[in-house]
Amino acid sequence: MKRLLKGIKVIDFTWIGAGSYTTKLLADLGADVIKIETSTRMDSLRVARPFKDRIRGVNRSGYFADRNTSKKSVTVNVKHEEGLKLVKKLIAHADLVTNNFTPGVMEKLGLGYDVLKQIKPDLVFASMSMQGMTGPERNYLGYGLIIGALTGFQHLTGLPQREPAGTGTNYPDHIPNPTHAAFAILAALRHKRRTGEGQCIDIAQTEPTLALLGPWIMNYTVNGVIDNRRGNSHPQMAPHGVYPCLGEDRWIAIAAADDAQWSALRQTLDLAEEARWSSMEGRLADRDALDRAIAECTRHRDAKALMEALQAAGVAAGMVNDARDVLRHDAQLAARGHWVELDHPEMGKSIYNAPPFRFSDAASTPSSAAPLLGQHTREICSEVLGLNDAEIDRLAACGALT
Amino acid sequence: MSETIATHDAGLTSAAPTERPPLEGIRVLDLSGALGNYCGKLFADLGADVILVEPIDGATSRCMEPKIAGRSDSEASLHFQYNNTNKRSIVMDLGRPEGAELFRLLARDAHLMIETERPGVMEARGLGYETLREVAPQLVMTSITPFGQNGPYAQWKAEDIVGMALGGMMSLAGYFDSPPMAAFGYQAFAAANLFGAVASMAAVYEAEASGAGQHVDVAMQECVVMGMENAVQFFDLEGSIRKRNAGQQREAGSGVFQCKDGYIYLMAGGVGENRFWGNTVQWLIDEGVDGVEALKDERWLNRDYLSTEEAKETFKRIFSGFALRCTKLDLYLHGQERRIPIAPIADTADILQNRQLQARGFFAHVSAQSVDGAVGAQSWVMPGAPYRLGATPWSLRRPAPRLGEHTDEILAELEVDEARRKALREQGIVR
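Residues numbered from 1 in each chain as written. Chains lettered and ligands numbered in written order. Predicted model: local features only at pLDDT ≥ 70, side-chain atom pairs only at ≥ 80, totals over all residues. Heavy atoms only, no water.

(A) A look at the overall build of chain B. The helix and strand tally for chain B stands at 17 helices and 12 strands. Projecting the C-alpha coordinates of chain B onto the three principal axes gives extents of approximately 85 × 50 × 45 Å. A total of 431 residues make up chain B; the buried ones form 63% of that total. When the accessible surface of chain B is split by element, carbon and sulfur atoms take 48% of a total near 14,900 Å². Of the side chains in chain B, 42 bear a positive and 57 a negative charge, and the two mean positions are spaced by 2 Å. (Helix = DSSP H or I, 4+ residues; strand = E, 2+ residues; numbered from the N terminus. Buried < 20%, exposed > 50% of the residue type's maximum accessible area, 1.4 Å probe, protein only. Areas by Shrake-Rupley, 256 points an atom, 1.4 Å probe, with all protein chains shown as cover. Lys, Arg positive; Asp, Glu negative; His and termini not counted. Charge placed at Lys NZ, Arg CZ, Asp CG, Glu CD.)

(B) How the structure looks around the overall build of chain A. When you go through chain A residue by residue, the secondary structure sums to 19 helices and 12 strands. Seen along its three principal axes, the alpha-carbon backbone of chain A occupies a region of about 85 × 50 × 40 Å. Here chain A, with 402 residues, has 66% of them falling under the buried criterion. For chain A, restricting intrachain contacts to residue pairs at least 6 apart in sequence, the fraction spanning at least 24 positions comes to 68%. Side chains of chain A give 47 positive and 46 negative charges; the mean places of these two sets differ by 4 Å. (Contact = heavy atoms within 4.5 Å.)

(C) Up close: the sheet that holds strand E8 (residues 251-255) of chain A. All names here are of chain A. Spatially, E7-E8-E9 is the arrangement adopted by the 3 strands of the open sheet, whose pairing is antiparallel. The two strands at the open ends of the sheet, each matched to only one other strand, are strand E7 (240-244) and strand E9 (316-319). With strand direction ignored, the average angle separating the axes of adjacent strands in the sheet is 20°. Pairing between E8 and E9: 4 bridges, direction antiparallel. In the sheet register, alanine 255 faces E9, and the bridge partner there is alanine 316. (Pairing = 2+ DSSP bridges. Axes fitted to C-alpha atoms, helices over the stretch in contact; angles between N-to-C directions.)

(D) Spatial organisation of the interface of chain B and chain A. Facing the 160 residues of chain B at the interface are 165 residues of chain A. With both chains or domains summed, chain B and chain A bury close to 14,100 Å², and 63% of this area falls on carbon and sulfur atoms. Among the residues of chain B in contact with chain A, B:Phe184, B:Tyr205 and B:Met226 are the three that bury the most area, contributing 6% of the side total. Remark: the boundary between chain B and chain A carries 17 salt bridges. (Buried area = accessible area lost by both parts, 1.4 Å probe. Salt bridge = Lys/Arg side-chain N within 4 Å of Asp/Glu carboxyl O.)

(E) Summary view of the packing of helix H9 (residues 176-195) of chain A against helix H7 (residues 187-210) of chain B. In contact at an axis separation of 8 Å, H9(A) and H7(B) are set at 15° when each is read in the N-to-C sense. If you check the angle between H9(A) and H7(B), you find them roughly parallel. Crossing of H9(A) over H7(B) shows left-handed handedness. Seen from H9(A), the contacting residues are A:Pro176, A:Thr179, A:His180, A:Ala182, A:Phe183, A:Leu186, A:Ala187, A:Leu189, A:Arg190 and A:Arg193; seen from H7(B), they are B:Leu194, B:Phe195, B:Ala197, B:Val198, B:Met201, B:Ala202, B:Tyr205, B:Glu208 and B:Ala209. When the residues that make up the contact of H9(A) with H7(B) are grouped by side-chain class, the tally is 14 nonpolar, 2 polar and 3 charged. (Parallel < 35°, antiparallel > 145°, perpendicular 65-115°, else oblique. Left-handed = near helix turned anticlockwise from the far one by under 90°. Nonpolar A, V, L, I, M, F, W, Y, C, P; charged D, E, K, R; others polar.)

(F) Representation of the nonpolar core. Counting 152 residues, the largest nonpolar core has A:Leu5, A:Ile201, B:Phe43 and B:Tyr387 as its most contacted members. Of all the elements, H7(B) adds the most residues to this core, at 16 residues. Membership of the second largest hydrophobic core comes to 62 residues, among which are A:Phe13, A:Ala94, A:Val97 and A:Leu141. (Core = buried A, V, L, I, M, F, W, Y, C linked by side-chain atoms within 4.5 Å.)

(G) Local environment of the pairing of strand E4 (residues 96-99) of chain A. Residue and element names in this part refer to chain A. Burial along E4 is two-sided: Leu96 and Thr98 and Val97 and Asn99, pointing in opposite directions, are all buried. Pairing analysis gives 4 bridges linking E4 to strand E5 (residues 124-127), with the strands arranged parallel. Looking across to E5, one finds that asparagine 99 is bridged to serine 127.

(H) Focus on the sheet that holds strand E8 (residues 262-267) of chain B. Residue and element names in this part refer to chain B. If you walk across this open sheet you meet the 3 strands as E7-E8-E9, and the pairing is antiparallel. Two strands in the sheet have a free side with no partner beyond their single neighbour: strand E7 (254-259) and strand E9 (342-344). In this sheet, adjacent strand axes meet at a mean angle of 25° when their direction is disregarded. Judged from the 6 bridges that link them, E7 and E8 form a sheet pairing that is antiparallel. Each residue of the ladder has a partner; that of phenylalanine 257, found in E8, is isoleucine 264. Together, E7 and E8 form the strand contacts of helix H12 (residues 309-323), whose direction differs from that of E7 by roughly 40°.

(I) Molecular detail of the pattern of salt bridges. Within this structure, the stated rule accounts for 66 salt bridges over all chains. Residue A:Asp114 pairs with A:Lys117 through a salt bridge whose shortest N-O separation is 3.6 Å. Separated by 3 residues within a single helix, A:Asp114 and A:Lys117 lie in helix H5 (residues 113-119), roughly one turn from each other. For B:Arg27, the salt bridge identified is with B:Asp49, shortest N-O distance 3.2 Å. One end of the pair, B:Arg27, is in strand E1 (residues 27-30); the other, B:Asp49, is in strand E2 (residues 49-54), and 22 residues separate them in sequence.

(J) Up close: the pairing of strand E4 (residues 112-115) of chain B. Residues and elements named next belong to chain B. Along E4, one buried face is formed by Leu112 and Ile114 and the opposite face, lined by Met113 and Glu115, is buried too. Here 3 bridges tie E1 to E4, and the two strands are oriented parallel to one another. Considered in E4, the bridge of leucine 29 is made with methionine 113.

(K) Fine view of the environment of A:Ile91. All names here are of chain A. Structurally, the position occupied by isoleucine 91 is in helix H3 (residues 81-92). Isoleucine 91 sits in the buried class, given a relative accessible area of 0%. Sequence-distant contacts of isoleucine 91, that is, excluding residues within four places in its chain, are made with Ile11, Phe13, Val97, Leu111, Leu116, Lys120 and Leu123.

(L) Layout of the confidence of the model for chain B. Considering every residue of chain B, the mean pLDDT works out to 93; 93% of them sit at 70 or more. With pTM at 0.96, the complex prediction returns an ipTM value of 0.98. (pLDDT = per-residue confidence, 0-100.)

(M) Representation of the environment of A:Met1 within the structure. All names here are of chain A. Looking at where methionine 1 falls in the secondary structure, it is placed in the segment before strand E1 (9-12). Sequence-wise, methionine 1 and methionine 280 are 279 residues apart; in three dimensions their C-alpha atoms are separated by 50 Å. The contact partners of methionine 1, leaving out residues within four places of it in the chain, are Ser360, Asp361, Ala362 and Ala363.

(N) Looking closely at a positive patch on the surface. On the surface, A:Arg41, A:Lys79, A:Lys108, B:Arg275 and B:Arg339 cluster together into a patch of positive charge. Tracing the backbone through its elements, the reader meets B:Arg275 in the loop between E8 and helix H10 (277-286). Looking at B:Arg275, the relative accessible area reads 34%, which means it is partly exposed. (Patch = residues over 30% accessible without salt bridge, like charges linked within 9 Å, V, L, I, M, F, W, Y side chains within 5 Å.)

(O) Just the packing of aromatic side chains, in detail. Enumeration according to the criterion identifies 23 aromatic pairs over all chains in this entry. Ring centres of A:Tyr113 and A:Phe125 lie 5.7 Å apart, and the angle between their planes is 45°; this geometry places the pair in the tilted category. Here the residue A:Tyr113 occupies a position in helix H5, and A:Phe125 occupies one in strand E5, the gap between them amounting to 12 residues. For the pair A:Tyr113 and A:Phe125, a shared accessibility class is recorded, and that class is buried. In textbook terms, an aromatic cluster arises when at least three aromatic residues are bridged by ring pairs, as seen for B:Phe257, B:Trp277, B:Trp283, B:Trp300, B:Tyr305, B:Phe315, B:Phe319 and B:Phe322. Its end group placed over the ring of B:Tyr175, A:Arg162 keeps NZ or CZ at 4.2 Å from the ring centre. (Phe/Tyr/Trp six-rings, centres within 6.5 Å; stacked < 30°, edge-to-face > 60°. Lys NZ or Arg CZ within 6 Å of the ring centre and 35° of its normal.)

(P) Just the environment of A:Asp202, in detail. With respect to the secondary-structure elements, A:Asp202 resides in strand E6 (residues 199-202). On the accessibility criterion, A:Asp202 (8% relative accessible area) is buried. Beyond its immediate sequence surroundings of up to four residues, A:Asp202 is in contact with A:Ser127, A:Gly132, A:Met133, A:Thr134, B:Arg360, B:Tyr387 and B:Arg388. Within the local environment of A:Asp202, its side chain forms a polar contact with the backbone nitrogen of A:Met133, the two atoms lying 3.1 Å apart. Of note is the side chain of A:Asp202, whose polar atom sits 2.9 Å from the side chain of B:Arg360. (Polar contact = N/O pair within 3.5 Å; in protein donor to acceptor, adjacent residues only side chain to side chain.)

So, in structure tokens, the structure goes:
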């Protein structure tokens, strides 16, 4: 089956979280992504846990592997004159150059947009720094959790009477930023194909993250309301929450959107009928007592069996899956083929996410495991740049390919 | 309040008219609710002609909180207003054969449709992909649903919180001693919208060249799984199950710390290598913080030591003594000047005052709609461009449409004459 982005050539300077994930999306869809690395300043995910067999090594991180499927890795030292020349030659053949350094780093390396557009006038150049290429805080640094703090996610998630809990992960790195960036890049590539015009895309990772809180930003700008944490409650729905089940740390999420779902929930749980809970207004007003009553019923039930019984009765319910559950036990993810096992030259077989969408007439499952550091250096030098073995050996010896 | 908030239009609404938006010429039919409206907005804000195809009672997202204080009409939802900018609205009853026929007419010139119905509903209306492909071979049909088009849960119901639970992200969020917590603001819906937008854009990109559209199947549950960070790899490679850990440091120097006027988030060492630890310790030394000598020895460069309770307690005792004397903004500015990953834990009021966002002109204005639908002099402030495309800017051209605002205009474009439009309206097929 065809791949949708076949033929798009990407020279990829991204590393760590959101950047690598952006180019993974493109690579899994068929773009030819060459990850430019150097062993002198490594992608820190290469040395981040978990490691295969718990043995630390630059080619053993599962975190790195999952974010770098379907890519090729070339080690080039761009601080070396000949290394810089090589990279520029690669860019002369490319459609897209990506990076998520702080602003100024690409310029310092001699690879800023103003230089590169001389080499390749229709180039799309995508920059994904934390706070953008302009403004007084453009040089500030951070990770997804820092972006989560700046943008309100940390403040807004958790219980109102306790310290902010946040999303528990570097959420902006995994979903808001890579998807927005990939969308903007594809739009720019479409424009380039139609008009021959390239451009520079400036993505401040705080901004796509904030874009997901638009309605609550407006709740402040329009209504003057500063939203606070609200646990698992919902302003228009009760019951709506997470309830304990049988076993250690087992939970089920339940939401009853209307009276019919409430009635089905009540019957499935054998919960006595109470007049004050017969309307949504009544349930919202008495939310805490309602939650306690439901928890008393659910704590004696198996989460999976209860989820199935509630869904059979037409109630939105789902057990809280942990990492083992999503990989080993969830029947839907298994049926969808969400997990793919790929064979890596050093790690052997391990588990990767497939992209969370399927096409009727195109392939999107990762085409290869993550690359070893510099796995494709010789191949790219020879096949793309047309260098012979002697030249490659000389470049390696002088330190341009480290 | 909007007049008191400093914003800056340059680069947002002032796109020179000669600049062509990057998605100019793409037509999108957005039949969705909360699972797909933001996906449609991404297309609309980059210049696609996005038509919101609403049922007679309006899109379900018109009822979602938060709402404009004191209003409950069909234009009152701020959720709807934000997620439907730059779109036009046509109201039609797709459950009736005449409505479905009109829709097939619309689809003939469309590049993309986004729908979020339970699997099987579109087929029952005569609007399944196989039928639409016959009249519109170029069309990409994107179906965004809780669990996807097939599999044992395909017909199951899900709200955002159920997607968060079954997608596993929730198992990582919340306090170590509390139930798991859903991320604020319908992030399971957001994930489905976002991955749906990437898949749709890739399919449209290819279809414009090949002439062949296709059906795109997006499952919210799988989209949420993408947010599990490294948890599944930890289980696969090390056999350990990552747990939620809010309310305590993730490791010494990483987590929420109280300060004089709120909280800050600090990642003293960074991720992977402990790159920034030295900067943090030097800062505390320069500030003359009590007990800082305890943070200087070699042990602190070892991540295993940072994970011990002893290390966490020592760091917290020393750092908190300093942080409680400072404001979140001071800690942010001074820490960042020393290249330390630190940030204030901001609420929405803080965000509107963020000098970086203001300098970049991030916030956009859109004309507010009053109850009677008149576009008044008042304007609303909302998040603006999530990305700056140098040559083809993002722009807000119009607010979200009133229910059925463009029904007549769009039918006229389809060359449905006035008499027929009147008849369709009288029969309740359009509104």
